[in-house]
Amino acid sequence: MILIFLGAPGAGKGTQSELLQESLGLLHISSGDLLRDHRRRGTELGEVANEYMKKGELVPDDLIINMIVDRLAAPDAARGVLLDGFPRTLPQAAALDDALDLKHQRVNAALYINVHDEVLIDRLSGRLTCSGCGHVYHEKFNPPKVEGICDHDGSPLYQREDDKRETAVKRLTVYFEQTRPIIAYYQERGLLCEVDGEQPIEKVTEDLMTCLR
Ligand code: AP5
């Protein structure tokens, strides 16, 4: 099974991916996490990507497409994947279809988590991420049991550089200009299922599971 998560920055794609990958047994591939890992390891891709990420802009299509196509070719992706943050442009969506065609595979569903713009800024500016396992919290909507500490592995929580207000606003503008058009791409192919992302986290998960029945 190949699933795609669509939605603006802060819509809850990462939160829901973590929950769904467990119940569906799929591999979660987050383009943002892969890029942040390259950045941490100081690879050439990580250094180039950082120039775009810190400004809230999209990393060029050719770099992202190669990174994802490589990841999809790894043996652990054979059990099925949940793509989070990719595709984000029409050329990326077309490149994914081409890559899957070669393996006689296709996208099974595009799950669109819809959240209003004003809610997104609150979500991004209050998000806290675990420095160890990457689990995501929110200072108001989804706080850890102990302030500043991850419930899962006890590591300190931090604010992502690109969640600072100015960069978060830029990311939303980029989303509306470059990413939102791909919603129509999947709608035209009969693959889109939209859920209301402003409900409690568990209810969003329930609606996403309904999309897959
Ligand atoms: P990436 O890491 O993919 O960031 P994003 O898409 O901007 O998504 P986010 O991680 O910000 O949000 P999310 O939807 O996962 O929300 P979350 O679950 O954390 O990309 C970062 C950068 O990398 C890009 O700007 C770009 O430069 C580059 N990049 C990545 N992919 C690329 C590509 N394909 N092409 C080009 N460049 C690329 O939730 C957000 C907050 O809300 C959390 O605090 C959470 O606790 C809370 N929350 C979640 N659900 C709920 C709920 N139901 N109610 C209340 N609070 C909730």
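Structure report, in brief. Bear in mind the structure is a predicted one, so any value in this text is a computation, not a measurement.

Let us look at the site of the ligand. Near the ligand there are 35 residues, and of these Thr15, Glu57, Arg88, Arg127 and Arg171 occur at the shortest range. Between a nitrogen atom of the ligand and a main-chain N or O atom of Gly85, the distance comes to 2.8 Å. Within the contact set of the ligand, an oxygen atom lies 2.6 Å away from a side-chain nitrogen or oxygen of Arg171. Within the complex, the protein chains bury 96% of what would otherwise be the 1000 Å² of accessible surface of the ligand. The set of elements that each furnish at least two residues to the shell around the ligand consists of helix H1 (13–24), helix H2 (31–41), helix H6 (117–125) and strand E6 (136–138).

Geometry of an aromatic ring pair is reported as the spacing of the ring centres plus the angle between the planes. Considering all chains together, one arrives at two aromatic pairs under this definition. Between Tyr175 and Phe176, the ring centres sit 5.2 Å apart and the planes meet at 70°, which makes this aromatic pair edge-to-face. Given the relative accessible area of 26%, Phe176 is considered partly exposed. Relative to Tyr186, the ring of Tyr185 lies with its centre 5.0 Å away and its plane at 75°, an arrangement referred to as edge-to-face.

Moving on to the state of the cysteines. A complete count under the given rule lists one disulfide for this structure. Shown here is the disulfide that connects Cys193 with Cys211, its sulfur atoms set 2.0 Å apart. Between Cys193 and Cys211, the disulfide has an S-S torsion of -70° and is therefore left-handed. Of the two residues, Cys193 is situated in strand E8 (residues 192–196) and Cys211 in helix H9 (residues 201–211); the sequence distance between them amounts to 18 residues. Here Cys130 is not cross-linked by a disulfide; its sulfur's nearest cysteine counterpart is in Cys150, at 3.6 Å. For Cys130, a relative accessible area of 3% puts it in the buried group. Not engaged in a disulfide, the cysteine Cys133 finds its nearest cysteine sulfur in Cys130; these two sulfurs lie 3.8 Å apart.

Quick notes on the rules
Residues numbered from 1 in each chain as written. Predicted model: local features only at pLDDT ≥ 70, side-chain atom pairs only at ≥ 80, totals over all residues. Heavy atoms only, no water. Near = heavy atom within 4 Å. Polar contact = N/O pair within 3.5 Å; in protein donor to acceptor, adjacent residues only side chain to side chain. Areas by Shrake-Rupley, 256 points an atom, 1.4 Å probe, with all protein chains shown as cover. Helix = DSSP H or I, 4+ residues; strand = E, 2+ residues; numbered from the N terminus. Phe/Tyr/Trp six-rings, centres within 6.5 Å; stacked < 30°, edge-to-face > 60°. Buried < 20%, exposed > 50% of the residue type's maximum accessible area, 1.4 Å probe, protein only. Disulfide = S-S within 2.5 Å.

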